[in-house]
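Chains, contacts and geometry: an overview
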Amino acid sequence: MLREENELLTHVGPGTPLGELYRRFWVPALLAEELPERDGPPVRTRILGEDLVGFRDTGGQVGFVARNCPHRGASLFFGRNEEDGLRCVYHGWKFDVTGQCVDMPNEPAESNFKTKIRATSYPARERGGVIWIYMGPQERIPELPELEWARVPADQRDVWRVTNEANWLQMIEGDLDTCHSMFLHSAVDPSALLLTSRRFEQTSDRAPRISLKQTDWGFAYAGRYAALGGRHNWRVTQWLMPCYTLIANRAWPVVGRAVVPADDEHCHFFTIRYSGEGPLDRDRLPNRGAERTVYTMPDGSLIDTYRPLANRSNDYLLDRERQRIKNYTGMFRIFDEDRAMTESMGPIVDRTQEHLGTSDLAVIGLRRRLLSMMKELQQGVEPAAPHDGSVYHVRSYDTVSDEGDFERFLEEHRSGMLAVV
Amino acid sequence: MLREENELLTHVGPGTPLGELYRRFWVPALLAEELPERDGPPVRTRILGEDLVGFRDTGGQVGFVARNCPHRGASLFFGRNEEDGLRCVYHGWKFDVTGQCVDMPNEPAESNFKTKIRATSYPARERGGVIWIYMGPQERIPELPELEWARVPADQRDVWRVTNEANWLQMIEGDLDTCHSMFLHSAVDPSALLLTSRRFEQTSDRAPRISLKQTDWGFAYAGRYAALGGRHNWRVTQWLMPCYTLIANRAWPVVGRAVVPADDEHCHFFTIRYSGEGPLDRDRLPNRGAERTVYTMPDGSLIDTYRPLANRSNDYLLDRERQRIKNYTGMFRIFDEDRAMTESMGPIVDRTQEHLGTSDLAVIGLRRRLLSMMKELQQGVEPAAPHDGSVYHVRSYDTVSDEGDFERFLEEHRSGMLAVV
Amino acid sequence: MLREENELLTHVGPGTPLGELYRRFWVPALLAEELPERDGPPVRTRILGEDLVGFRDTGGQVGFVARNCPHRGASLFFGRNEEDGLRCVYHGWKFDVTGQCVDMPNEPAESNFKTKIRATSYPARERGGVIWIYMGPQERIPELPELEWARVPADQRDVWRVTNEANWLQMIEGDLDTCHSMFLHSAVDPSALLLTSRRFEQTSDRAPRISLKQTDWGFAYAGRYAALGGRHNWRVTQWLMPCYTLIANRAWPVVGRAVVPADDEHCHFFTIRYSGEGPLDRDRLPNRGAERTVYTMPDGSLIDTYRPLANRSNDYLLDRERQRIKNYTGMFRIFDEDRAMTESMGPIVDRTQEHLGTSDLAVIGLRRRLLSMMKELQQGVEPAAPHDGSVYHVRSYDTVSDEGDFERFLEEHRSGMLAVV
């Protein structure tokens, strides 16, 4: 890969090609539970390189404003959230969820200065336990993506997030890589599986044949693993523009993901576990292993987020003895194993040094599609998916079949890959 | 404001226009209590972007030398302070308070090399509980500013300092902004005032009319607040070149400030509380809430300073419940509230994004005056104030008057604004 | 010194002139005890600006590979060290100590892709308690230097290392500077010496005459101190290319050093104490005062190393009262005193600001020799020393003599300066 392509795919600030493409979509920003009450404490975050403060107003509406007050730049995080607006405590300027200045008590009563002042703001919506943000042009405001996990009843869904210390792309590429499961997440001693959530593989095939089909929502790709009797175990994972994955799994709950760039070197990593059928048995879900925290970004900015207990600074609780006798990595949770790999590449991995094999087809497909969409957008061709939430009505899939051809397999199982809700 | 102007006003290193202007004045460097004894431990600091070591010699004289020994660069902070000089422990080179090398025991006795070696050094003076430094040309050495607080007896003054994590300008602009007090430092529940040091405002006017008059020492500016019976409450704050403020207060003690750039992203913030009449009742002064510490600058350099207990890393001990029912910010001390605002703007706030109102007149006046003085100095016009300490004989002021015009008010109360000492 | 020369002497990454010169020599990388067992945990480090993972394979052979897996860049530190290779846990690619990919289980069995994949790797050798690395061209692989300390029996040697927070050059210059001992490491109260390891100086001469002779291995240089009866105490220290010193000492154990650049702002500092005669009495050696740790480099990379208990962040446990009455620095160990000086210069000291005296002859000699070797190498002239280990058969020396001329003194004591082993 060319250095220029790696930069295009990893830089997300305002004005960058990828940043502009991302600014055509609603993306997950916070958990709904982070802003539980009306007029409650605001939350600070960073998304696509912009420092933001989110708050829920008296009417229950959520909004995001730029962290720095448009007056003299004090942080609105310290603001008072009161009577339909967030009020800067420095001079009392108050902004509603649209960013409009609605009160300016330090200027003469006759002044109309406040009508001219708007904080940079971005609209928010709530669905599926998530607060979504749209940071693009007002005149192109899109639809929310109709992801199945966002539309099932709340008791059929578990959603949480952490902030990861590496660029978004290497994080999402970790999900679009079916074959790493046979290594990274595997057991050394199968009896160890009894104690963990580790998937028991029905196949011993560790070199699946990968296929990929570009679609309206992104792409479907599959690993075809050898199964008993010459049959094929197809594991179909979905990539949905720009930042979602649905991981192949044979039974509920299915894992979905949203990987939202915080800045070029950090991303917010949402993990969704959901059932399309009925309530989740929460007691059987692996716990989150993360805690609410204030995180200091390398430039000194603070954000409110969740931090995994096993993380970069403690080598993900790596235990070499465990690695020798129990499971492949010596770590305790699949979730930690994935981050160990993608964060250990460095903040932005140098993709000019890679050596990709046939197993990396989906990673290659993702990059090509993104580069092509960026190029189109620069030429004025807007992406279609943001404006039709129903293209997101898809599921991941995992089944055994006699069919060996991916296109025909997709055709045959089309209805099984449609979200029901 | 133009980006170039913001850079001019915030960059203080050697050779920068503002750095050169600052180098025409004595400025506060340390508290006298930081160098309490002759031949005692030296103190390291950073001022105007230069790393320095201050020490008090056998005769009681204080001097500052550049941190790195002129021989091979070891830090003189580790030096031995002995017999009228600071001796580098690496090879025994010894420097007096003027920076002259006075002993070089590792060179042959017949060598006169030591007479040719001078450490970069800056003169120091003591007055008013403060050690002052002058970092400009030797041939232009100015007078100490005759600030009232620096000349009253020691029992009429309390002075302390902390190092703040933002550029000096946003810190001093916080002082030249009378109207923020009505918001940032106000109570939600007036009864809460009984428990705090918060000023009880005689006025409910939160949109004062601001006036400003440029003077020899800097400027006087006032907020005119509506008072009972159609009268005017004039609150007059002084800015004294280059880094001092005297805050309007109706009674002693009055608060003064000196904001001295450490580097572009940090400043030393001296707070003075003093009475022009008699001894302070120290038991009634709010405590300092700061402790002596070694602070690691972002480039890894260490300085000796004081650190507030409520600071950036703990959100200034913000308590959202307190904010809801007690006082505007949910913080505990005025001093913390001010830093929360100015530090939260970021290390150097982007002034191209500001929206200034009529209440920001003094902030605008400060910037214009500084830009004009920098330009003059570049054209060879030296500032006059450094060479006449008596221009600093002024006081802040706070009174109610029938007079509505600032010029006439100043004329009428001229004697009340003169320092007596 | 010119700024350009300082950069030439301090920058060590791939492609820099000094980096290329260093890449002609074997240099110490780890202690042998850091990789104690076959198939044991790998160790991560940084050498000459490159992030590396060292491991010992099933056959006992040690190798170094670049930290980032050539596939997609995950860290091989998390790898499984098993059956003659280090296996990346992400997709199971396995590399032997030469960097050759020997297994690629996620690709189809018929694929020969693995034969085309090599991790960047560097050969390692073990001698003298140290694991050495060679990072230069394969076709020029040199001999190990036959340093006496590396060839004596293990019970005659103690070797350990720490990572220092400054450029390698200022660290090694600290060793090539005989006269600092009379200051930095001296006692104020001679009785304090009873409690320390401090050398009792037979001379009160603190301004030695320095002489230097360039040699095949680097140079020998001496301080000639006045001794009783008009005689001369010659203390001869050796510099051996590119990073070794042997410190003058009158009795065993002698101290040797290897200062290996980690990157431009850190170095690995190996200290060797050895006897050329018989087993060391370990109970009488000052303890190391350092502990195994994971160190976070400023760019966020983690390395495995040892950290001194007295270090930059605690001012090397400086005790000002001790400094006043006990020893020159108020620190507790010679080892800490040296680092206090060299680290306090800053990550890369600005040598354009130095003022060198006659005592700095060896420092000057080192720089000139290195600059000249770099220039030669750029012109295609390879250094000879790496290819003849026997040129390292030298000792430091410390004796009293009637002879006052360095050349004649060297001639007279030639055999005493030859390593015996």
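Before any of the text, the structure's been laid out above.
Attention here is on the structure that accompanies the text. (Residues numbered from 1 in each chain as written. Chains lettered and ligands numbered in written order. Predicted model: local features only at pLDDT ≥ 70, side-chain atom pairs only at ≥ 80, totals over all residues. Heavy atoms only, no water.)

**Details of helix α1 (residues 3–10) of chain B**
Residue and element names in this part refer to chain B. Regarding α1, the residues found buried are N6, L9 and T10. For α1, the arc enclosing every buried residue in end-on projection is 90°, short of the 170-degree limit, so these residues lie on one face. Packing partners of the buried residues in α1 comprise α2 (17–22), α4 (168–175) and α8 (361–378). (Buried < 20%, exposed > 50% of the residue type's maximum accessible area, 1.4 Å probe, protein only. Helix = DSSP H or I, 4+ residues; strand = E, 2+ residues; numbered from the N terminus. Arc of directions from axis to C-beta. Contact = heavy atoms within 4.5 Å.)

**Let's talk about the relation of the copies chain C and chain B**
When chain C is brought onto chain B, the operation consists of a screw motion whose angular component is 120° and whose axial shift is 0.0 Å, with 0.0 Å RMSD remaining. Expressed as a symmetry operation, the mapping of one chain copy onto the other fits a three-fold axis. Using C-alpha coordinates, one finds that chain C approaches the rotation axis most closely at P298(C), a distance of 6.0 Å. (Least-squares fit on C-alpha atoms with pLDDT ≥ 70 in both.)

**Focus: the packing of α4(B) against α8(B)**
Residues and elements named next belong to chain B. It is at 9 Å that the axes of α4 and α8 come closest, and there the two elements cross at 135°. Relative to α8, the element α4 is oriented oblique. The handedness of the crossing between α4 and α8 comes out as right-handed. Here W168, L169, I172 and E173 of α4 lie close against α8, whose contacting residues are V363, L366, R367 and L370. The class makeup of the residues in the contact of α4 with α8 is 6 nonpolar, no polar and 2 charged. (Axes fitted to C-alpha atoms, helices over the stretch in contact; angles between N-to-C directions. Parallel < 35°, antiparallel > 145°, perpendicular 65-115°, else oblique. Left-handed = near helix turned anticlockwise from the far one by under 90°. Nonpolar A, V, L, I, M, F, W, Y, C, P; charged D, E, K, R; others polar.)

**Considering the interface of chain C and chain B**
Every contact between the two is made by 36 residues of chain C and, on the other side, 30 residues of chain B. When the two sides are added together, the surface that chain C and chain B hide from each other amounts to roughly 2800 Å², 54% of it contributed by carbon and sulfur. By the criterion of area lost to chain B, the three top residues of chain C are R320(C), M341(C) and H355(C), representing 22% of everything that side buries. The partner of R44(B) in a salt bridge is D315(C), and the shortest N-O contact between them spans 2.6 Å. At the junction of chain C and chain B, the tally comes to 19 residue pairs in polar contact (both at pLDDT 80 or more). Of all the elements in the fold, those that place two or more residues in the side of chain C that touches chain B are α4 (168–175), α5 (181–184), α6 (320–325) and α7 (334–343) of chain C. (Buried area = accessible area lost by both parts, 1.4 Å probe. Salt bridge = Lys/Arg side-chain N within 4 Å of Asp/Glu carboxyl O. Polar contact = N/O pair within 3.5 Å; in protein donor to acceptor, adjacent residues only side chain to side chain.)

**Regarding the sheet that holds strand β7 (residues 94–95) of chain C**
Picture the strands of a sheet paired through backbone hydrogen bonds; they go either parallel or antiparallel. Residue and element names in this part refer to chain C. Spatially, 4 strands are ordered β5-β6-β7-β8 in an open sheet, and the strand pairing comes out antiparallel. The sheet is open, and its two borders are formed by β5 (80–81) and β8 (101–103), each paired with just one other strand. As paired elements, strand β6 (residues 86–87) and β7 share 2 bridges and run antiparallel to each other. Its bridge partner being in β7, R87 is matched across the sheet by K94. (Pairing = 2+ DSSP bridges.)

None of the figures reported here should be taken as evidence of function without further support.
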